[in-house]
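# Working through the structure, step by step
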Amino acid sequence: MDIELIYKNAGAYLEGHFLLSSGNHSQYYLQSAKVLENPRIAGELAGELARQIRSTGIKADCVCAPALGGILAGYELARALNTRSIFTERVNGEMTLRRGFEIKKGEKVIICEDIITTGGSALEAAKTIFKMGGQIVAFAALANRGICARFFSDKKSKPGCKLPSDIALFALADFEFEIFSPDECPMCKFGSIAVKPGSRGN
Ligand code: ZN
């Protein structure tokens with residue numbers, strides 16, 4: 001599967017001058033919601049992710065996604081793996097399981113995101129599930145920003161990756177975009193102003 005092409009064809013691989021939530025700037029941005037607005041493509045991507053996970057022998061009872069970004073990817077992955085699908089959400093900054101969702105003791109859980117950057121939200125969701133007695137068997141995402149090493153790639157994790165090294169991360173592709181601090185951003189030097197992705201129609 002050519003994940004980059006799928007993102008580009010869906011208008012989800014944005015080129016411009018973006019202000020990231022970290023405060024840094026980037027010329028590129030992945031808007032997974034644009035890929036996932038087509039349920040057929042969402043199903044195909046999740047199906048491929050499920051195939052990779054199954055091929056390692058990892059089995060899960062449940063897929064849990066951190067809201068909001070991971071919910072659609074997590075739901076489709078759960079469908080492909082024939083497991084339950086739940087999500088965590090932040091309440092006063094703390095990742096929690098609400099809406100009557102439960103975890104049985106020892107239940108095997110995959111934490112699924114749309115994109116893994118440092119894995120911060122995925123790790124928070126994992127800790128929430130772990131505290132409730134669940135067992136985290138894998139992390140999964142459609143796209144990986146290349147900071148955390150993914151299974152089936154020989155690249156190593158970089159400083160900044162928050163995911164534990166003893167639990168596999170599955171993702172369909174690495175997208176390693178250069179990130180600039182505002183002081184060193186070449187686009188800013190040309191007088192361009194960084195915009196928050198999601199605003200101004202992107
Ligand atoms: Zn800039």
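Above this text sits the structure in question.
From a predicted model like this one, the values you see are computed outputs, not experimental measurements.

## So, the layout of surface pockets
Taken as a whole, the largest pocket spans an internal volume of roughly 980 Å³. What lines the largest pocket is a set of 34 residues, and nearest its centre among them are Ser 21, Tyr 29, Asp 114, Ile 115 and Thr 117. When contributions to the lining of the largest pocket are tallied by element, the ones reaching two or more residues are strand S2 (25–30), helix H2 (32–36), helix H4 (71–81), strand S6 (108–116) and helix H5 (120–131). The leading source of residues in the lining of the largest pocket is S6, at 4 residues.

## Brief notes about the side chain of Ser 32
Summarising the element assignment, Ser 32 is placed in helix H2. You can call Ser 32 buried: its relative accessible area is 1%. A distance of 2.8 Å separates polar atoms of two side chains, one belonging to Ser 32 and the other to Tyr 7. Not counting chain neighbours up to four residues away, the residues in contact with Ser 32 comprise Tyr 7, Asp 114 and Ile 115.

## Focus on the nonpolar core
Membership of the largest hydrophobic core comes to 33 residues, with the highest contact counts inside it found for Tyr 7, Leu 77, Ile 110 and Phe 175. Only helix H1 (3–9), H2, helix H3 (39–55), H4, S6, strand S7 (135–144) and strand S8 (169–174) provide two or more residues apiece to this core. Looking at this core, the element that brings in the most residues is H3, giving 6 residues. Once residues within four sequence positions are removed from consideration, Tyr 7 is found in contact with Ala 12, Tyr 13, Leu 30, Ser 32, Val 35, Leu 142, Ala 143 and Phe 175. By size, the runner-up hydrophobic cluster in this structure holds 19 residues, among which are Cys 62, Ile 86, Leu 97 and Ala 126.

## Quick look at the environment of Met 95
Mapped onto the fold, Met 95 is located in strand S5 (residues 94–97). Between the C-alpha atom of Met 95 and that of Arg 84, which follows or precedes it by 11 residues, the distance is 19 Å. Excluding residues within four positions of it along the chain, Met 95 makes contact with Pro 66, Thr 88, Glu 89, Arg 90, Ser 121, Glu 124, Ala 125 and Thr 128.

What counts as what
- Residues numbered from 1 in each chain as written.
- Predicted model: local features only at pLDDT ≥ 70, side-chain atom pairs only at ≥ 80, totals over all residues.
- Heavy atoms only, no water.
- 1 Å grid on protein atoms, 1.4 Å probe; cavity = no way out; pocket = protein on both sides within 12 Å on 5 of 7 lines; lining within 4 Å.
- Points joined across faces, edges and corners; volume = space filled by probe spheres on them.
- Helix = DSSP H or I, 4+ residues; strand = E, 2+ residues; numbered from the N terminus.
- Buried < 20%, exposed > 50% of the residue type's maximum accessible area, 1.4 Å probe, protein only.
- Polar contact = N/O pair within 3.5 Å; in protein donor to acceptor, adjacent residues only side chain to side chain.
- Contact = heavy atoms within 4.5 Å.
- Core = buried A, V, L, I, M, F, W, Y, C linked by side-chain atoms within 4.5 Å.

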